[in-house]
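Residue-level structural notes
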Amino acid sequence: MVKYKEVDYKAPSTRWPLWVIPFLVVLLLVLIGLFIFITVGAKQSKCLIFDCQQPRDKVMERPAGLSDDVAIPSEEKSDKHGLEMSGENKTERAHHKESLITVHGEVMFDVAPQILPPNSLLKVKLEDVSLMDVASVILGETLVDLSNYSKTKNLDYSIKCKKPSVHGRYGVSAVLNVGWRADEHSWIKRGDFFTDTSYPVIIKPGVEEYKTDVTLVRYQ
């Protein structure tokens, strides 16, 4: 006789742990509180979620009956703090802007050479000579190649630099290296030309152009 084994076809019963239900309740309360917090914060900033509008630029409309020839005044530009700039502040800022000056003139010789060899270079400098017994400070300089020098043509120079204080003393000097280029070890040799004095430049308020002629003598 064949024996049959009984099989239980009932699905096994599963139970959730007891801590799951309180956890779900707490999570739901947290989500509700977070939603309320976001909604209240959005209302205080005058901007609801998904309903924020960017401010539009203010456009001034022309009043009715006003002629087209009359211009509508525009808003004054303000500084970085949002305060209106007065005329006095604008003037002060204009004075603080860096201004430039131009010093130019003619370069002459006490005895002009007939010719100059190639690679002859003329250097003209504008210097601050306010301090005694101290090396002068170069404010600006220019370098002119005189390889194509002609005795019949005038030599001119021009220096553009930042405008110095009107209270200092300034001068123009020049040196002509005949057939060679000066370096940090040597700036002049016998047979070159140079200015044996500093030609003064008097800086004045409101003046941006100064003419100063210089004369070169031979260096013996």
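How each quantity is defined
Residues numbered from 1 in each chain as written. Predicted model: local features only at pLDDT ≥ 70, side-chain atom pairs only at ≥ 80, totals over all residues. Heavy atoms only, no water. Helix = DSSP H or I, 4+ residues; strand = E, 2+ residues; numbered from the N terminus. Buried < 20%, exposed > 50% of the residue type's maximum accessible area, 1.4 Å probe, protein only. Areas by Shrake-Rupley, 256 points an atom, 1.4 Å probe, with all protein chains shown as cover. UniProt positions renumbered as here; feature names shortened; annotations may be inferred. Core = buried A, V, L, I, M, F, W, Y, C linked by side-chain atoms within 4.5 Å. Contact = heavy atoms within 4.5 Å. 1 Å grid on protein atoms, 1.4 Å probe; cavity = no way out; pocket = protein on both sides within 12 Å on 5 of 7 lines; lining within 4 Å. Points joined across faces, edges and corners; volume = space filled by probe spheres on them. Nonpolar A, V, L, I, M, F, W, Y, C, P; charged D, E, K, R; others polar. Pairing = 2+ DSSP bridges. Salt bridge = Lys/Arg side-chain N within 4 Å of Asp/Glu carboxyl O. Patch = residues over 30% accessible without salt bridge, like charges linked within 9 Å, V, L, I, M, F, W, Y side chains within 5 Å. Phe/Tyr/Trp six-rings, centres within 6.5 Å; stacked < 30°, edge-to-face > 60°. Lys NZ or Arg CZ within 6 Å of the ring centre and 35° of its normal.

The next thing to look at is the overall build of the protein chain. Per the secondary structure count, the protein chain includes two helices and nine strands. Starting at the N terminus, the α and β elements of the protein chain follow one another as α-α-β-β-β-β-β-β-β-β-β. Evaluated residue by residue, the protein chain yields a buried proportion of 23% over its 220 residues. By element, 57% of the accessible surface of the protein chain is carried by carbon and sulfur atoms, the whole surface being about 18,300 Å².

Glancing now at the UniProt feature "transmembrane region" (unreviewed entry) in the protein chain. Following the UniProt record, one finds the feature "transmembrane region" (unreviewed entry) at residues 20-40. For residues 20-40, the end-to-end C-alpha separation is 31 Å, with 100% helix and 0% strand making up the annotated structure.

In this structure, Val 103, Leu 122, Leu 126, Val 172, Leu 176 and Leu 216 are the most contacted members of the largest nonpolar core, which totals 25 residues. For this core, the secondary structure elements donating two or more residues are strand S1 (100-109), strand S2 (121-128), strand S4 (155-162), strand S5 (170-177), strand S7 (199-201) and strand S9 (214-218). In contact with Leu 176, not counting residues within four places along its chain, are Phe 109, Leu 116, Ser 120, Leu 121, Leu 122, Leu 146, Asp 192, Phe 193 and Leu 216.

With respect to the element layout, Ser 198 can be found in the loop between strand S6 (193-194) and S7. Along the primary structure Ser 198 and Gly 171 are separated by 27 residues, whereas in three dimensions their C-alpha atoms are 5.3 Å apart. Setting aside anything within four residues of it in sequence, one finds Ser 198 in contact with Gly 171 and Val 172.

By volume, the largest pocket is sized at about 390 Å³. Surrounding the largest pocket, 19 residues form its lining, Lys 123, Lys 125, Ala 174, Val 175 and Trp 187 being those nearest its centre. Contributions of two or more residues to the lining of the largest pocket are made by S2, strand S3 (137-145) and S5. Of the residues that constitute the lining of the largest pocket, the class distribution is eight nonpolar, five polar and six charged.

Time to look at the pairing of S1. Note that S1 and S4 share eight bridges and pair antiparallel. Bridging across to S4, Leu 100 finds its partner in Lys 162. With three bridges connecting them, S1 and strand S8 (residues 209-211) associate as parallel partners. In the sheet register, Thr 102 faces S8, and the bridge partner there is Glu 209. Bridge count for S1 against S9 is three bridges, and the pairing is parallel. Looking at S9, one finds that Phe 109 is bridged to Leu 216.

Turning our eyes to something else, we now look at the pattern of salt bridges. Scanning all chains against the criterion turns up two salt bridges. Taking the shortest distance from any N to any O, the salt bridge between Glu 127 and Lys 125 comes out at 3.6 Å. Residue Glu 127 is classed as buried on the basis of its relative accessible area of 10%. A residue is classified by how much of its surface remains accessible, and Lys 125, at 22% relative accessible area, is partly exposed. Notably, a salt bridge pairs Asp 213 with Lys 211, separated by 2.9 Å at the nearest N-O pair. When its relative accessible area of 31% is taken as the criterion, Asp 213 is described as partly exposed.

In this section: a nonpolar patch on the surface. Side chains of Ile 21, Val 25, Leu 28, Leu 29, Ile 32, Phe 35, Ile 36 and Val 40 sit close together on the surface and give an oily, nonpolar patch of about 790 Å² of accessible area. Note that Phe 35 resides in helix H1 (residues 20-44). For Phe 35, a relative accessible area of 57% puts it in the exposed group.

What follows deals with the packing of aromatic side chains. Evaluation of the coordinates by the stated rule reveals three aromatic pairs. Note on Phe 109 and Phe 193: the rings are 5.1 Å apart at their centroids and 80° apart in plane angle, and the pair reads as edge-to-face. Here Phe 109 is found in strand S1, whereas its partner Phe 193 is found in strand S6, with 84 residues between them in sequence. We note that Phe 109, like Phe 193, is buried. Their ring planes at 80° and their centres at 5.6 Å tell us that Phe 194 and Tyr 219 sit as a pair that is edge-to-face. Of the two residues, Phe 194 is situated in strand S6 and Tyr 219 in the segment after S9; the sequence distance between them amounts to 25 residues. The exposure class of Phe 194 is buried, given its relative accessible area of 19%. By way of ring pairs, the aromatic residues Phe 109, Tyr 149 and Phe 193 are connected into one cluster. Directly above the ring of Trp 180 sits Lys 189, whose terminal nitrogen or CZ lies 4.4 Å from the centroid.

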